[in-house]
Amino acid sequence: MGVPVRKQIIWWGLAAAILLISMWLLGQAILPFMIGAGVAYLLDPVADRLERMGLSRTMSVVVITFVVVLVAVALILLILPLLIRQATALIQTAPEMLGQGRAFVESRFPGMIPTDAGLQETLTELQAALGEQAGNVASKVLGSVRGILGTISILVIVPVVSFYLLLDWDRMVARIDELLPREHAGTIRRLASEIDDALSGFLRGQATVILILGTWYALALMFVGLPFGFFIGIMAAVLSFIPYVGVLIGGVTAIGVALFSFWGDPLWIGAVVAIFAVGQVVEGNYLQPKIVGSHVGLHPVWLLLALSVFGSLFGFVGLVMAVPMAAAVGVLARFAIERYRASALYTGIGDDAVTPEPLLVEIVPPGTYREALRVEVAEGDPA
C-alpha cells in the first residue's frame, strides 16, 4: 500500500524547509562547499569524456584540476588587476564625463533641460555626489574583490572539495539513486534529468557565449583605443545572459566614453558602434540559437526574479544558488501543470464517475446449456 498523498506532501515539504533553513543559517560556512559542488557538476562531463578517451578517473580529475588551477591563477594575476584598475578609473572619470555631456546639451540645445523643474540642480548635485563618492566606491569594490579572492575558504577549500567530489561523482549519483523512494524513483529520475538538461545547458551554453563575446568586445575595443575598453567589453559580455541588457548597457557606456574621448573624430566613434552591432548580430543569429538553443526553462525574467529573491533572502549564497533553484522550480512547475491537466479538476471527469456493471460471462463445455434446458423442460412436463 502506497504512502498517502498527505504524508508525502508533509515529508517533501519538510525536506525543502530543511534545505532553505540550512542555507539561511549556514550560508557563509557552506558557501565554499556549494561552489565546489557546482564546479564538480560543471566539470563532470569533461572527466567522463577523458575516461572514454582511455584515462582513468583519477588521472582525468588530476588533468582537469591542473588545467583549471592554471587558468584561475592566470586570471587572478593577469586579467583581474586590469579589470579593477579600469573599473576604478571609469568610476572616477564618470563625474567629468557627465559634466561635459550636460554642458554640451546646454550649449547646443538650451531649452532641452528645463530650469524651472529643478533638473539642473539635480544633475549638479548628482555630479558632485559622484565626484565625492567615486573614490570611496572604487576602494570598497577593490577591497571586496580582494577580500573574496584572499579568503582561505575560497582559495583552498573550493579546489579540494571540487577535486574529491569530481573524483567520486558517478558513485555519489549511483548511491543517491539507490536511496530514492521506490514508489517515486522513476518520476524523480525524470525530473532530475530535466533539471540537469535545463541547468547544464544554460550554464555551459551561456558560459561559452560570454567567453566568445567577452573576447570579441574586449579585444576589439582595446584595438580601437577606447579607454576602459577591456572592462566595458567584459561587462557587456557578462550581462549578455539577459537579452539586450548586455549590449544596451555596454554599448551606451562604450559610446559615451567614445564621445568623451574621440570627440571630433567620428571614424573611431563609428568603429565602437560597429563593434557592438557585429556582436549583437552574431549573438542573436548564431551564438544563442546554436549554443544555448534548445536548452529552455530559464527565461531571463524568471532568472532575474530568482536572483532578486534568493539574493535578498540568503545573501551571496542565495545568488550562487539562484540559477539551480530557478531551474528546479521551473521543472517542478511544468510537472505540476502537467499533472493538473491530467487531473479531474481540469478534465471535469472525476474518479467517482458512474460506470456500467460488468457483464459476467461464464465459460462452460459445449452442450451444457442445451442439457440444462432439456432437464428443465423434462422436470416441468406433467406427464
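Up top you'll find the structure we're talking about.
Residues numbered from 1 in each chain as written. Predicted model: local features only at pLDDT ≥ 70, side-chain atom pairs only at ≥ 80, totals over all residues. Heavy atoms only, no water.

Undergrad: Looking at this structure, how should I read the overall build of the chain?
TA: Scanning the chain from terminus to terminus reveals 14 helices and zero strands. With 383 residues in all, the chain has 26% of them scored as buried. Across the chain, contacts joining residues at least 24 apart in sequence account for 70% of those joining residues at least 6 apart. With the model as given, the accessible surface of the chain reaches about 24,800 Å², and the carbon-plus-sulfur share is 71%. (Helix = DSSP H or I, 4+ residues; strand = E, 2+ residues; numbered from the N terminus. Buried < 20%, exposed > 50% of the residue type's maximum accessible area, 1.4 Å probe, protein only. Contact = heavy atoms within 4.5 Å. Areas by Shrake-Rupley, 256 points an atom, 1.4 Å probe, with all protein chains shown as cover.)

Undergrad: Honestly, the environment of Thr-187 in this entry has me stumped. Any pointers?
TA: When you line up the elements, Thr-187 lands in helix 7 (residues 185–223). Note: C-alpha distance between Thr-187 and Phe-335 (148 residues apart in sequence) is 9.8 Å.

Undergrad: Honestly, the packing of aromatic side chains in this entry has me stumped. Any pointers?
TA: What characterises a pair of aromatic rings is the spacing of the ring centres plus the angle enclosed by the ring planes. Applying the stated criterion across every chain yields a total of four aromatic pairs. The interplanar angle of 90° and the centroid separation of 5.4 Å between the aromatic rings of Phe-163 and Tyr-164 together place this pair among those described as edge-to-face. Where Tyr-340 meets Tyr-346, the ring centres are 5.4 Å apart and the plane angle is 65°; that geometry is what we call edge-to-face. With a relative accessible area of 43%, Tyr-346 lands in the partly exposed category. Sitting over the ring of Tyr-41, Arg-204 keeps its end group 5.4 Å from the ring centre. (Phe/Tyr/Trp six-rings, centres within 6.5 Å; stacked < 30°, edge-to-face > 60°. Lys NZ or Arg CZ within 6 Å of the ring centre and 35° of its normal.)

Undergrad: Help me out: how do you make sense of the nonpolar core in this one?
TA: General note: in soluble globular proteins, nonpolar side chains tend to be found buried as a group. Counting 23 residues, the largest nonpolar core has Tyr-217, Leu-221, Leu-226, Ile-232, Val-257, Val-272 and Phe-276 as the members making the most contacts within it. Looking at this core, the elements with two or more residues in it are helix 3 (57–108), helix 7, helix 8 (229–238), helix 9 (245–261) and helix 10 (266–292). Setting aside residues up to four positions removed in sequence, Leu-226 forms contacts with Leu-221, Ile-232, Ala-254, Val-257, Ala-258, Phe-262 and Val-272. By size, the runner-up hydrophobic cluster in this structure holds 20 residues, among which are Tyr-41, Ala-47, Leu-199 and Phe-335. (Core = buried A, V, L, I, M, F, W, Y, C linked by side-chain atoms within 4.5 Å.)

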